Amino acid sequence: MKKTCLYKINVVLLALLLPALGSSLLQEFLRGANLHCLTNNTLTIIHLVICLPMLLFVCVHLWANCGNMAQWFAKIRRQKWQTQWLFWLSVLTFVSGVAAMVVYFSHGHTPVGGIHGKLGFVALALMFWHTCKRLKWYQKNK
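Residues numbered from 1 in each chain as written. Predicted model: local features only at pLDDT ≥ 70, side-chain atom pairs only at ≥ 80, totals over all residues. Heavy atoms only, no water.

Q: Help me out: how do you make sense of the nonpolar core in this one?
A: Nonpolar side chains in soluble globular proteins generally cluster together in the buried interior. Judged by nonpolar contacts, the single largest core of 15 residues is most densely connected at Met54, Leu62, Leu124 and Met127. Looking at this core, the elements that each hand over two or more residues are helix H1 (3–30), helix H2 (40–66), helix H3 (69–77), helix H4 (81–107) and helix H5 (111–132). In terms of residue count, H2 provides more of this core than any other element does, five residues in total. When near neighbours in sequence (up to four residues on either side) are disregarded, Leu124 contacts Leu17, Ala20, Leu21, Ser24 and Met54. (Core = buried A, V, L, I, M, F, W, Y, C linked by side-chain atoms within 4.5 Å. Buried < 20%, exposed > 50% of the residue type's maximum accessible area, 1.4 Å probe, protein only. Helix = DSSP H or I, 4+ residues; strand = E, 2+ residues; numbered from the N terminus. Contact = heavy atoms within 4.5 Å.)

Q: Explanation requested: H5 in the structure shown.
A: Helical geometry note: an α-helix holds 3.6 residues per turn, so side chains three or four residues apart project in the same direction. Taking 1.5 Å per residue, 22 residues should reach 32 Å; H5 reaches 32 Å between its end C-alpha atoms and fits that length. By the burial criterion, the buried members of H5 are His116, Gly117, Gly120, Ala123, Leu124, Met127, His130 and Thr131. For H5, the arc enclosing every buried residue in end-on projection is 145 degrees, short of the 170-degree limit, so these residues lie on one face. (Expected span 1.5 Å × (residues − 1). Arc of directions from axis to C-beta.)

Q: Any chance you could explain the packing of H2 against H3 here in plain terms?
A: Packed helices, taken two at a time, are described by the angle between their axes plus the distance between the axes. With their axes 10 Å apart at the nearest point, H2 and H3 run at an angle of 70 degrees to one another. By the angle between their directions, the pair H2 and H3 is classed as roughly perpendicular. Where H2 approaches H3, its residues Cys59, Leu62, Trp63 and Cys66 are matched on the opposing element by Gln71, Trp72, Lys75 and Ile76. Partitioned by chemical class, the residues of the contact of H2 with H3 number six nonpolar, one polar and one charged. (Axes fitted to C-alpha atoms, helices over the stretch in contact; angles between N-to-C directions. Parallel < 35°, antiparallel > 145°, perpendicular 65-115°, else oblique. Nonpolar A, V, L, I, M, F, W, Y, C, P; charged D, E, K, R; others polar.)

Q: Just checking my understanding: could you explain the packing of H3 against H4 for this structure?
A: One can describe the packing of H3 onto H4 by two numbers: an axis separation of 9 Å at closest approach and a directional angle of 140 degrees. Residues Trp72, Phe73, Ile76 and Arg77 of H3 touch H4, and the partners they reach there are Gln84, Phe87 and Trp88. Considering only residue class, the contact of H3 with H4 consists of five nonpolar, one polar and one charged.

All we've got here are geometric facts, nothing functional implied.
Below you can see the structure in the form of structure tokens.
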């Protein structure tokens, strides 16, 4: 894939990283309470609207760097341990997020959402670190 296309994908990911972190912090801080005129359901939907496209762009980023999905695991296995942790933590965050979403919309807040939140914070921190380590790449490939 051309570096200009990869650059655009990475810029979109960077643009989604901070709102995802913000919506995650807000969800964690409120612990299921409403925020003035926004209900918790609305805040949860906003979180989904931000984080699901981010997940899509993470997949596009992996596809651009590693090829098709069948090759992801083999290529990730050859990466540094930090990148491997980021990948597996992102997978766990996705799986727990799907479980939390199903449980939330059927039963409300449960510990599943809390587990997802903690995994998500660590994953977002690693994503931020992963991005900071590659800032020179962004400057070089503008």
